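If you want the building blocks of each chain, they are given just below.
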Amino acid sequence: MKLKGRLANFLVPTAGNQWRAWILQPRFLTPLVIVILLGQLFFNLFPLVKPGVLGYSSDITPVKIVMLTNRERQKAGLEQLRVNTLLNKAAQAKAANMLAFNYWAHVSPSGQTPWLFFKQAGYRYKVAGENLAKDFTDSESVVQAWMASPSHRDNILDARFRDIGVAVVKGDFKGVKTTLIVQLFGAPVAGFADTTQPTPSSLAKNFNSFPSLATAKTINPLSVVKFGIVFAVGLIVGALVVDSWFVRRYHIYRLAGRNAAHAGLLLAIVLLVILTQPGIIF
Amino acid sequence: MHKELKQYPLDFAILFASFAIALAFFWNLRHVLAAEKTLLLGLVSFYLLWGLAHHLYHHDLTAKVMVEYLSFALLALVMGLTLFQTV
């Protein structure tokens, strides 16, 4: 078959493709799914082979996280949390541990709970909590995301907590440059005190001693994936529109799925792409 | 597509309303990976069920039609999961 005929069969309904463009048939959609899965595999493996190329740049500081957290508590009529140097150390140790062992969870693969880091830092607590975040671009988005999640908001607005510790650590996580944020809360046992008052100057002083890696220029993996999805959806929705036009123009009768339903599903995926912002919380 | 929408307005209103509800939930639960994945699965499952019910009701359900819906559902699912995997 000549190239022109093949192209016509690929894009528009003809007798040669049983009145359904190949691009809209499972014979094309299935390989496309395989291509996407291979692309995902490539995206997972590429950072391991070439670490540091992909990454999320961020402008997050522990001081801002503490200030925004306290602002939320203030709005709720709660007492402000005091920055605790031991909790800062515990948060730093947790973040370093996650980067070293390539995991992102409250409990490490070897079973270490967040409370172990409290203990190792020497903070003796009555009650304690932990919020995690990664891949965010700014401090405001992090606190907003935590506030939107009931379990994280409960930690921020828990009246029992007195102290806070925050670590913002930049590093390679599974080969992708990222920023991990660990927020720890606690209320010390009676007679135990190692706290600093939350004045802006003392806040900055408390966090200055913690190192973080310089942010290198990287390619944002989410932007690449978003572009790929929008391109693929655009191609298929375009084909659905052309198909509908041909069916109407040439009064083609056939048994097929509803183009409007397929287009609606794919456009919902595009809206998901638009709504999805970098950053996840745990 | 316009003809389909005019021909089955109620069916499409149900489908698009469910998409809108799923997207509204998604907006509220963004940044929580497990919730995002569950919503995506729900959205795709509803689309498949809608396709099955719609064609059954209109007496034009064939294996070929169902395979077509399955292909689009699989494509949407893989795209969504790839997106969430990258976040």
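Position numbers for residues count from 1 along each chain, tracking the sequence in the order it is written. To label them, take the chains in the order written and letter them from A, then take the ligands in the order written and number them from 1. Under the rules for a predicted model, residues below a pLDDT of 70 receive no local features and side-chain atom pairs below 80 are neither given nor counted, while totals for whole chains, interfaces and linings still include all residues.

### Quick look at the overall build of chain B
Numbered from the N terminus, helices here are DSSP runs of H or I no shorter than four residues, and strands are runs of E no shorter than two. When helices and strands are counted, chain B shows four helices and zero strands. Start at the N end of chain B and walk to the C end: the helices and strands fall as α-α-α-α. Along the longest, intermediate and shortest principal axes, the C-alpha atoms of chain B span 40 × 25 × 20 Å. The proportion of buried residues among the 87 residues of chain B is 34%. Three classes are used. A residue is buried when 20 or more other C-beta atoms lie within 10 Å of its own, exposed when 12 or fewer do, and partly exposed in between, with C-beta atoms placed from the backbone.

### A few points about the pairing of strand 3 (residues 163-173) of chain A
Residues and elements named next belong to chain A. Judged by how many residues are buried, strand 3 sits mostly within the fold: nine of eleven residues are covered. What makes two strands pair is DSSP finding at least two bridges between them. For strand 1 (residues 82-83) and strand 3, the ladder comprises two bridges, and the chain directions are parallel. Each bridged residue has a counterpart across the sheet, and for arginine 82 the counterpart in strand 3 is aspartate 163. Sheet analysis places strand 3 next to strand 4 (residues 176-188), joined by eleven bridges and oriented antiparallel. Each residue of the ladder has a partner; that of alanine 167, found in strand 4, is valine 182.

### Examining the interface of chain A and chain B
In this assembly, 44 residues from chain A lie in contact with 40 residues from chain B. Elements supplying a minimum of two residues to the side of chain A that touches chain B: helix 2 (26-49), helix 6 (139-148), helix 9 (221-249), helix 10 (259-275) and strand 5 (280-281) of chain A. The element contributing the most residues to the side of chain A that touches chain B is helix 10 of chain A, with 14 residues. The classification used treats Ala, Val, Leu, Ile, Met, Phe, Trp, Tyr, Cys and Pro as nonpolar, Asp, Glu, Lys and Arg as charged, and all other residues, Gly among them, as polar. For the side of chain A that touches chain B, the class distribution of residues is 30 nonpolar, eleven polar and three charged. By definition, residue pairs are in contact when their C-beta atoms, positioned from the backbone, come within 7 Å.

### Comments concerning the sheet that holds strand 2 (residues 125-134) of chain A
Residues and elements named next belong to chain A. The five strands are arranged 1-3-4-2-5 in an open sheet whose pairing can be described as mixed. The sheet is open, and its two borders are formed by strand 1 and strand 5, each paired with just one other strand. Pairing geometry for strand 2 and strand 5, over two bridges, is antiparallel. In the sheet register, alanine 133 faces strand 5, and the bridge partner there is isoleucine 281.

### Things to note about the confidence of the model for chain A
Residues and elements named next belong to chain A. Per-residue confidence from the predictor is given as pLDDT, running between 0 and 100. On average, chain A scores 85 in pLDDT, and the residues at 70 or more come to 88%. Put simply, helix 8 (residues 200-208) is where chain A has its lowest mean pLDDT, 54, and helix 3 (residues 62-75) is where it has its highest, 94. Within the model, the stretch residues 208-215 combines pLDDT values under 50 with nine contacts to residues more than four positions away or in other chains.

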